[in-house]
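Coordinate inspection notes
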There are 2 protein chains.
Amino acid sequence: MLLTQSCMIGIRAALAVSVQGKDDIEAYRPIRQIADALDVSFHFLTKILQVLTHAKIMESYKGPNGGVRLAKPPEELFLIDIVEAIDGTSVFSTCLLGLPGCGVETPCPVHDEWAKSKDQIERLFRETSLAKLSDDTCEKLLRF
Amino acid sequence: MLLTQSCMIGIRAALAVSVQGKDDIEAYRPIRQIADALDVSFHFLTKILQVLTHAKIMESYKGPNGGVRLAKPPEELFLIDIVEAIDGTSVFSTCLLGLPGCGVETPCPVHDEWAKSKDQIERLFRETSLAKLSDDTCEKLLRF
DNA sequence: AAGATTTAAGAGTCTGTTGTCAGAAATAGT
DNA sequence: ACTATTTCTGACAACAGACTCTTAAATCTT
């Protein structure tokens, strides 16, 4: 698996918040409600969203009518921001064979080929915004 | 991380055996010797090579002058064989967001883009033989 | 002020991966 | 036969990730 379970849920939660925030971007969405929509554990999702809140990707508010919302407009939030906050950047920087210091000067036997795939994946995460994802999701009625 | 630690070591070990077997493909290479070459734990490597032996990727022989060797010529062994034996195929078949049943009919919001990267990675594993890797390794004096 | 709602934080459990170790089984050489 | 060498097997400890639960803190409503 490329991403951890936590990270996959984090992305889906951010997407859910983004979709729900289309009409009112200021409103806070209760974590309980998001957990129901994604069909994941409320407590577990709470933990994940705490990380995104600390990373300034989301903002939270306690009490009645509280919840979480995006800290920035979805056009300025990219998948890589969420992945970095939860899983770190190692996915895009580590050698396929786990050799330390694998790079252009001291490549491993699969470095060149893997670099191409790695770059493509990294570009996918770096260029895909929550805005694009939520637009696609609404337009094509996709699940998340 | 795309591959588990075990899988990365398994690939490196297979490559080491393939490189050492260039002069005498029949000979068995002691696990201890491979472990030293890769700088990994002997006992841990033993566990990993047992899996590859059970998967008919390698053959083993006990006693003095014993060890492991490739069960087939390196031209017929591909990275995907090792990955499937140790990690399974899930890497190439799972949805990026972990949604069950994600596919062409019921795609997740990132399905199409991820499918491209996934196909490229799978092709890399499916088309790269141990023979090619060990040739490259010897030719360019790469480490493993 | 009191009570209900909702996130925050920390402790704890469970599971799978990583890694270690000791003893058994097989083989070669003497 | 005996000994040294080497893989095989199963048990186990250490760790990280996944997930649960309880209590605290903040906020709104009445």
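Structure: see above.
Rules and cut-offs
- Residues numbered from 1 in each chain as written.
- Chains lettered and ligands numbered in written order.
- Predicted model: local features only at pLDDT ≥ 70, side-chain atom pairs only at ≥ 80, totals over all residues.
- Heavy atoms only, no water.
- Phe/Tyr/Trp six-rings, centres within 6.5 Å; stacked < 30°, edge-to-face > 60°.
- Helix = DSSP H or I, 4+ residues; strand = E, 2+ residues; numbered from the N terminus.
- Buried < 20%, exposed > 50% of the residue type's maximum accessible area, 1.4 Å probe, protein only.
- Least-squares fit on C-alpha atoms with pLDDT ≥ 70 in both.
- Contact = heavy atoms within 4.5 Å.
- Near = heavy atom within 4 Å.
- Polar contact = N/O pair within 3.5 Å; in protein donor to acceptor, adjacent residues only side chain to side chain.
- Axes fitted to C-alpha atoms, helices over the stretch in contact; angles between N-to-C directions.
- Parallel < 35°, antiparallel > 145°, perpendicular 65-115°, else oblique.
- Nonpolar A, V, L, I, M, F, W, Y, C, P; charged D, E, K, R; others polar.

Ring pairs (aromatic) are described by centroid distance and by the angle formed between their planes. Residues and elements named next belong to chain B. Enumeration according to the criterion identifies 4 aromatic pairs over all chains in this entry. Taken together, a centroid distance of 5.3 Å and an interplanar angle of 55° make the contact between Phe92 and Phe125 tilted. Taken together, the residues span a long stretch of sequence, with Phe92 in helix H5 (residues 90–93) and Phe125 in helix H6 (residues 111–127) at a distance of 33 residues. Residue Phe92 shares its accessibility class with Phe125, and that shared class is buried.

Moving on, we come to the relation of the copies chain A and chain B. Superposing chain A onto chain B takes a rotation of 180° plus a shift of 0.0 Å along the axis, which leaves an RMSD of 0.1 Å. Put plainly, the chains are arranged around a two-fold axis. Minimal C-alpha separation from the rotation axis in chain A is found for Leu2 of chain A, amounting to 2.5 Å. Of the interface residues in chain A, 100% have counterparts in chain B that sit at the interface too, so the contact is made through matching surfaces.

In the neighbourhood of DNA strand C, 26 residues make up the surrounding shell, with Ile31, Lys47 and Ser60 of chain A together with Ser6 and Ser41 of chain B lying closest. Sugar and phosphate atoms form 69% of the subset of DNA strand C atoms that lie within 4 Å of the protein. Gln50 of chain A is positioned such that a nitrogen or oxygen atom in its side chain is 3.4 Å from a base nitrogen of DNA strand C. The contact in question runs from a base oxygen of DNA strand C to an N or O atom on the side chain of Lys47 of chain B, over 3.1 Å.

All names here are of chain B. Between helix H1 (residues 5–20) and helix H3 (residues 42–54), the shortest axis-to-axis distance is 10 Å and the interhelical angle comes to 75°. Here H3 runs roughly perpendicular to H1, going by the angle between their axes. From H1, Gln5, Ser6, Ile9, Gly10 and Ala13 reach across to H3, where they touch Phe44, Leu45, Ile48, Leu49 and Leu52. Among the residues making up the contact of H1 with H3, the classes are represented as 7 nonpolar, 3 polar and no charged.

What follows concerns the protein's contact with DNA strand D. The environment of DNA strand D is formed by 25 residues, the closest being Gln5 and Ser41 of chain A together with Ile31, Gln50 and Ser60 of chain B. For DNA strand D, the backbone makes up 70% of the atoms found within 4 Å of the protein, where backbone means sugar plus phosphate. Gln5 of chain A places a polar main-chain atom, nitrogen or oxygen, 2.7 Å from a phosphate oxygen of DNA strand D. Contacts to DNA strand D include Lys47 of chain A, whose side-chain N or O atom sits 3.4 Å from a base oxygen. Within the residue set of the surface near DNA strand D, elements represented by two or more residues are helix H1 (5–20) and helix H3 (42–54) of chain A together with H3 and strand E1 (58–61) of chain B. Among the elements that line the surface near DNA strand D, the one with the most residues is H3 of chain B, at 4 residues.

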